[in-house]
Amino acid sequence: MDIMKKKFYSMLVGGILSSVVVFFILMMDAVIAGVLFGEKAVAGVNLVVPSYSMAVSIATLLSIGSPILYSEAIGSFKKEKADRIFQTGLTAAIGCGTIIFLVLLFLGDYYLSSFNTTPEILENAKAYMFWIRIDIIVMPLYTFLTGMIYADGNETLSLLADIIGSIGSVLLSVILGRIMGVSGIGLGSLLASLISISICLLHFVNKRNSLKLGVCFSGKTVIQIAYYGIVDAASSLFLSILFAFLNRYLLTRFGSDMLILSSVLIFIVEMQFLLDGVGTAMTPPMSIYMSLGSNEGVMKIWKEARKSAILLGLFFTVLLEILAPLIPEILGISDRNVVDIAVMGARIFAISIPFESLLYLLTSYNVMTKNFAFGVVITALYDLILAALLALILGNTIGIYGVFIGVGIAPILTWFGMRFYIELKEGKAAWPLRLKKQDHPSFLFDFVMEPKSIIDTQTTIEETLKSISIPSPAIKKFAFLFEELCMETYDKNKPKNVNSECILLIGDDSLHLFEMDDGIKFELVDKVETSRSFREYVLSLAIINWSESSQYLTAISFNRNWLEINFNEEAKKASAENK
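Below is a short write-up of the structure. All values reported here derive from a predicted model rather than from experimental measurement.

**A short note on the overall build of the protein**
Point 1. In terms of helices and strands, the protein carries 19 helices and five strands.
Point 2. On C-alpha atoms alone, the protein measures out to a radius of gyration of 27 Å, which is about the 25 Å that the 2.2 N^0.38 rule sets for 579 residues.
Point 3. Dimensions of the protein, computed from C-alpha atoms along their principal axes, come out at roughly 95 × 55 × 45 Å.
Point 4. Within the protein, the fraction of its 579 residues that count as buried is 54%.

**Things to note about the side chain of Arg560**
Point 1. For Arg560, the position within the fold is in strand 5 (residues 559-566).
Point 2. Within the structure, the side chain of Arg560 is placed 3.0 Å from the backbone oxygen of Ile74, a separation counted as a polar contact.
Point 3. Filtering out sequence-adjacent residues up to four positions away, Arg560 remains in contact with Ile74, Gly75, Phe77, Ile288, Leu292, Glu515, Met516, Gln551, Tyr552, Leu553, Thr554 and Ala555.

**Things to note about helix 18 (residues 534-546)**
Point 1. With 13 residues, helix 18 should reach 18 Å at 1.5 Å per residue; the first-to-last C-alpha distance of 18 Å fits that figure.
Point 2. Residues of helix 18 that are buried: Glu536, Leu539, Ser540, Ala542 and Ile543. End-on view of helix 18: buried residues confined to an arc of 165°, all on one side of the axis. Residues of helix 18 that are exposed and point more than 90 degrees away from the buried face comprise Phe534 and Asn545.

**Describing the packing of aromatic side chains**
Point 1. Within this structure, the stated rule accounts for 15 aromatic pairs.
Point 2. Considering the side-chain rings of Phe86 and Phe204, the 6.2 Å spacing of their centres and the 40° angle between planes classify their relative orientation as tilted. With a gap of 118 residues between them, Phe86 in helix 3 (residues 79-113) and Phe204 in the loop between helix 6 (182-200) and helix 7 (219-254) connect regions that are remote in the sequence. Just as Phe86 is buried, Phe204 falls in that class too.
Point 3. Centroid distance Phe245 to Tyr249: 5.8 Å. Interplanar angle 10°. Geometry classified as stacked. Taken together, the residues Phe245 and Tyr249, both in helix 7 and four residues apart, mark about one turn of the helix.
Point 4. What makes Phe245 partly exposed here is its relative accessible area of 25%.
Point 5. A relative accessible area of 7% places Tyr249 in the buried class.
Point 6. Among the aromatic side chains, those forming a connected cluster through ring pairs are Phe77, Phe514 and Trp562.

**Observations concerning the nonpolar core**
In summary, soluble globular proteins display a tendency toward joint burial of nonpolar side chains.
Point 1. The biggest cluster of nonpolar side chains holds 125 residues, and the ones touching the most others in it are Leu261 and Met282.
Point 2. If one sorts the elements of this core by residue count, helix 14 (residues 372-398) sits on top with twelve residues.
Point 3. If near-sequence neighbours (up to four positions away) are discounted, Met282 is found in contact with Phe8, Ile301, Trp302, Ala305, Leu361, Ser364, Tyr365 and Met368.
Point 4. Membership of the second largest hydrophobic core comes to 28 residues, among which are Phe447, Leu485, Leu504 and Leu513.

**Re the sheet that holds strand 1 (residues 442-448)**
Point 1. Strand order in the open sheet formed by five strands is 1-2-3-5-4, with antiparallel pairing between adjacent strands. Of all the strands in the sheet, the pair left with one neighbour each is strand 1 and strand 4 (549-552). If you compare each strand with its neighbour and ignore which way they point, the axes differ by 10° on average.
Point 2. In the sheet, strand 2 (residues 499-506) pairs with strand 3 (residues 510-517) via seven bridges, with the strands oriented antiparallel.

**Some remarks on the layout of surface pockets**
Point 1. What the second largest pocket holds in volume is close to 720 Å³.
Point 2. For the second largest pocket, the lining is made up of 32 residues, of which Met290, Ser291, Gly293, Asn295 and Lys436 are closest to its centre.
Point 3. Listing elements by their share of the lining of the second largest pocket, those giving two or more residues are helix 9 (277-292), helix 10 (295-323), helix 13 (353-368), strand 2 and strand 3.
Point 4. Looking at the lining of the second largest pocket, the element that brings in the most residues is helix 9, giving three residues.

**Some remarks on the pattern of salt bridges**
Point 1. Scanning the model with the defined rule gives 14 salt bridges in all.
Point 2. One salt bridge connects Lys307 with Glu304, and the closest N-O pair in it is separated by 3.4 Å. Residue Lys307 and its partner Glu304 are located together in helix 10, separated by three residues, close to a single helical turn.
Point 3. According to the relative accessible area criterion, Lys307 is partly exposed, its value standing at 43%.
Point 4. One salt bridge connects Lys492 with Glu488, and the closest N-O pair in it is separated by 3.7 Å. With a gap of four residues between them, Lys492 and Glu488 both fall in helix 17 (residues 472-493), about one helical turn apart.

Cut-off values and rules
Residues numbered from 1 in each chain as written. Predicted model: local features only at pLDDT ≥ 70, side-chain atom pairs only at ≥ 80, totals over all residues. Heavy atoms only, no water. Helix = DSSP H or I, 4+ residues; strand = E, 2+ residues; numbered from the N terminus. Rg over C-alpha atoms; globule rule 2.2 N^0.38 Å. Buried < 20%, exposed > 50% of the residue type's maximum accessible area, 1.4 Å probe, protein only. Polar contact = N/O pair within 3.5 Å; in protein donor to acceptor, adjacent residues only side chain to side chain. Contact = heavy atoms within 4.5 Å. Expected span 1.5 Å × (residues − 1). Arc of directions from axis to C-beta. Phe/Tyr/Trp six-rings, centres within 6.5 Å; stacked < 30°, edge-to-face > 60°. Core = buried A, V, L, I, M, F, W, Y, C linked by side-chain atoms within 4.5 Å. Pairing = 2+ DSSP bridges. Axes fitted to C-alpha atoms, helices over the stretch in contact; angles between N-to-C directions. 1 Å grid on protein atoms, 1.4 Å probe; cavity = no way out; pocket = protein on both sides within 12 Å on 5 of 7 lines; lining within 4 Å. Points joined across faces, edges and corners; volume = space filled by probe spheres on them. Salt bridge = Lys/Arg side-chain N within 4 Å of Asp/Glu carboxyl O.

Here it is in C-alpha cells:
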C-alpha cells in the first residue's frame, strides 16, 4: 500500500473512533443523570444543553476550518502562514470559551428561570450549570487541539485524548455524581476535559510536531476558518428546524401518543454524526494534494474515501437493523404498539444510511474546495427540505410509517438529484469532484526506498521528462538529485523499509520535485557541513549549485523535501556550450 493510502487508513480509524466518542460524550451526561437521579435530573441537564451546544458549534467551526487552512499552508511550504493560522485558532478557541462562560456567569440563572419549570428541575439545572459553564471555557480548546494534532499526523495521540476523555468523563461523573449530586456530573465532565488537554500537550514535545504555540489574532483568518465550518453549522440549524417540524406534525396529525416517535427519529438522525469520520480522515492528505495542484493525488484519496464511506454506511445499516429493538428501551417507550412502530421505522430508515455517508463525504469535499454554497444546499435538501416535505406527503398518504420513509429517502433523492444536476450542467466527467483542468502537467510516483525501486522510479521520471521535451541537461541534474536524495534517505533508515511518494510538477520554466517519506527526520539545508556523510556532502553542494530553491517541512508527520530546477536556463547554457 502506498504511503498516502496507508496514512489515510491510519487516520480513518482515528476519525471514526473520534466521531463515536463525540456522539458518546453528547449523550452521556443526560444518561448518567437519568440512571442516578431520574427524569427530573434529565430535564434539568437538558435545559443547559443548548448553551453547551453553542460552545460545541463554535468548537466545531474552529476544529474543522483551522486544520484545513493549516494543511493547505503546510502543503504549500508556507510555514509562517501556517503558524499564524494555528495561533489565531488557538486564541479564538480560548476567547470564545471565555465569552460564553461570562455570559452564563451573569445571565445563566435568568436564562434557566425563563423556562418557568418546576423548582426541582430548575434546581438540578443550576447545579449542573455550576461546573459545566467552566467546562465551556476549556471544551473549545480541547476540540481545537485534538483537531489540529490529528491534522498534524498524530492521530494516535488525538484518539487517545478522546478515548481517555470520554471514559474519564463517565467514570468521574458517576463517582462525583454519587458524592455531590447533579453538580458532580458537570464537574466530572470538566475534569475529563482538562485531562484530555493535558494529553494533547504531549504532542508539542514530539519531534515530528509542526505546531508552534503562540498568541496571534487575525479577524480575516477567523472569518476564513468560520467559512469552513459553515456547512456543519447550517446542518445543526436545519436539523433543529426539522425536529421542531416533526414534533408539531406528529402531535397534530397522529396525536400525543405518537409524539414520542419524534425522539426515535431524532435519535437515529443524529447517528449520522458517526459517519463524519471518513471526511475527517480524508481532509489532511487531500489538502496537501490540493495545495500542490495534483489532481491525480486528489482522485487517489477520493477513491479510498468513497469506498470507505460506502462500507461504513453499510456497517451502520446492518447494525441499526439488528439493534433497532434497543432504541425504544433506551428512550423508555413502553406502549407495545408504539414500540413496534419505532422498531420498524428505524429499520426502514436504516436503508438510507450508505447514502447519508456519501453525502457527508461530499459535503466535506465541497468544504475543502471552498464550494460552501453547494455544501449548504446539499445539507439543506436532505436535512430539512426534502425530509420535511416527504414526511408530510407520505405521512398524510400512507400513515405513520410514511414519516420514516420520507425522512429516510431524502438522502437517496439528494444524492441522485445532485448527480443529475452536475452531470447535466458540467458533463458526466465532472461528478463528483468537479476538478479543474491543470494548467501544467503533474506526475505522481509511489515507491519503497530501496535501491532497485529508487533506480526504477528514477528511470521512469527520466522517460517521462523526455516525453514532454524537457532539456537533457536539466533531466540529468534532476535525476541525479532524485537518486542521491533517495539513496541518502535509504542509508539513514537501514534496515527499516521506508515508503515514499514523489510528485513532479512541470512549471513554465522549471521542474518541481516534492518528495515525501515516513523515515527518520532528514532535513536538507542550504549550507555544507563537513560532519556529514560523503553522499550528503555532495548532495548539499549539488542542491546549492543546481537548485533554484529547496525546502524541508514536515506534514501529517511525514518528511517533505522540495527541489526546483530551472530548465530554460539549462537549455540556454547547453546551447551556448554547443556554439
